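Fold and contact review
Listed below, chain by chain, are the residues.
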Amino acid sequence: AAFLKSACCASFICLAILFCVPGFCAMRLARVILLATTISWAASRRVDDVTATDDLKAEELKRCSAETCPSFADKNCPCSQFDDSALMPRMLSILTDTVQRMRKVSDKLNEESSTFTKMWWSSSVGNAQKDMKLLEEAVEHLPELQTIMSAVPVNQIASDQYVPPAAVHPISIEIWNDNMVMRQTFIGEVGVDLNEGEIQHDNVPLRLNTHQTSAYVQPGNAKVSFQTNVEKSAPKDCDIQGVTRCVEIKLRVKCIGASDLPNTDTGIAGDLTDAYCKVRVKRDTQTPSIKFKTAVVANDLNPTFTDAPFELTWDVPIIDPVPTSEEPNNRPLPESEMVPFTSEYCTISEQLEHQLMYLASTVYLNKDGKCKSSKFKTACGMMVKFANAGIDDGAVEELREAAGVNDGAGHTAEQRQDRGPSGLVQIHDARMDVDLDTQVYRIVHRAAAISAGRRYRARHRGGGYRYHGRGGGGGGGCAGCWVVFFALLFLLLLL
């Protein structure tokens, strides 16, 4: 409108000059006036555009917060401008979502899964790429998050820092509603560790997990009671995941009952929740869970389960514990100080790494452990890099020095007696100069040996078990692994 008014006035003035002032000068004067008007209009538009842009940026800055910042390097709204205390709640929420999602997918997929099933569940992980990329950045910027994820095992995470979801524990107790026609409804879950002895767990509050199924309800005040009984044998010889010493674990779990369940049925004429209890046991951090479930208790919001206890027995490698001391420790580690390679003795980062390696192997490798196709070579190579990120040549040399003359199966009996066993020296073949077609499969299924090597290296070096910057070979806690982690997720999504 302003431009039209200016143009009309300029045109009137130009016509007046042309009629009233004859000659060449009048023509030039009219041109000057028109040019000046055009420049004035363009300048006003520029000012308006700049003002609008500034207003938009100001509005974005108003909306910018620790809950909305897209990344730590974003130009307009970097997360780095906010205090750690403001960012941590959001990052812990993303962490919970990530471990729940990865546990669900790794439990669903196996070597026999169809191509469609693999694509479906791999895309489930891919859907969270943006949040997971932010979590990757946050690990590098937030020391408290790094400690929770990489510096201590799950059973040593301080409850005032983070209450891990059931997904990070080896035993999950779940309550579901049975539907004969519709999809089973998930009510809630709780996770516990493989603590020795008979332990009674009474009225433990159920927690929500939206990744179990799309049909879920808020658990509200619902609680579950159950009993666990764990026995661990003395160490014995074995050959599991590249480790030569194991313990036998005998587990017995009994679902006792639930209380204050939400009603997931119609409520008409006594139509209430038809509850059953499901137990998931993850024997190691990599392979799918073993599942058991009770009979259904119909129309009862406070059901009592009368099924016999579920029992399971398996062998677990024992390795170095996650080193938490900042001081170097070069003494031989006796077997009495070693820990089973189960979820509660692993860090969250280790769990995510092992689950991803398992997931990738079901997609990329055939039953012979070879890449399914030449188009998967890049992905297989990335899996190797991911598996080797924490063991460098220095660690391998320390292994050889510690083991002395070694037949490839760890310490001899004499070495174990004289020097004490060590996680790293149990690795069959620590030198991983990998030929993709023949050794990828072995690395994928050597999670215990790989973790043992990293822990051994970190314990001898000191400084705790955590990230030491991107790409630092031999760093404890899988230094630089996250870069490959997210690249693998991207490749999974492309299939």
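Now for a description of the structure that goes with this document.

About the cut-offs
Residues numbered from 1 in each chain as written. Predicted model: local features only at pLDDT ≥ 70, side-chain atom pairs only at ≥ 80, totals over all residues. Heavy atoms only, no water. 1 Å grid on protein atoms, 1.4 Å probe; cavity = no way out; pocket = protein on both sides within 12 Å on 5 of 7 lines; lining within 4 Å. Points joined across faces, edges and corners; volume = space filled by probe spheres on them. Helix = DSSP H or I, 4+ residues; strand = E, 2+ residues; numbered from the N terminus. Nonpolar A, V, L, I, M, F, W, Y, C, P; charged D, E, K, R; others polar. Pairing = 2+ DSSP bridges. Axes fitted to C-alpha atoms, helices over the stretch in contact; angles between N-to-C directions. Phe/Tyr/Trp six-rings, centres within 6.5 Å; stacked < 30°, edge-to-face > 60°. Buried < 20%, exposed > 50% of the residue type's maximum accessible area, 1.4 Å probe, protein only.

The next point concerns empty space enclosed by the protein. Unoccupied space between atoms shows up once a probe the size of one water molecule is rolled over them. The tally for this structure, following the rule as stated, stands at four cavities of 30 Å³ or more. Every residue lining the largest cavity is listed: Q100, R103, K104, D107, A166, A167, S172, E174, E189, N209, Q212 and R280. Counting only elements with at least two residues in the lining of the largest cavity, the list comes to α3 (84–108) and β1 (171–177). It is α3 that contributes the most residues to the lining of the largest cavity, four residues altogether. Residue composition of the lining of the largest cavity, grouped by class: two nonpolar, four polar and six charged.

Time to look at the layout of surface pockets. As a volume, the second largest pocket reaches approximately 210 Å³. Lining the second largest pocket are 15 residues, and of these P321, V322, P323, T324 and R459 sit closest to its centre. Its residues assigned to classes, the lining of the second largest pocket comprises seven nonpolar, four polar and four charged.

Before going further, it helps to spend a moment on the sheet that holds β1. Pairing is antiparallel across the open sheet formed by four strands, whose spatial order is β2-β1-β7-β8. Every interior strand has two partners, whereas the edge strands, β2 (185–192) and β8 (290–293), have only one. Adjacent strand axes in the sheet meet at a mean angle of 20° when their direction is disregarded. The pairing of β1 with strand β7 (residues 275–281) spans seven bridges and is antiparallel. Among the inter-strand pairings, W176 is bridged to a residue of β7, identified as Y276.

Tallied over the full model, the rule gives two aromatic pairs. Seen in terms of ring centroids, W176 and F186 are 5.0 Å apart; in terms of plane orientation they differ by 65°. Their pairing is edge-to-face. Of this pair, W176 sits in strand β1 while F186 sits in strand β2, and the two are 10 residues apart along the sequence. Exposure remark for F186: the relative accessible area of 0% places this residue in the buried category.

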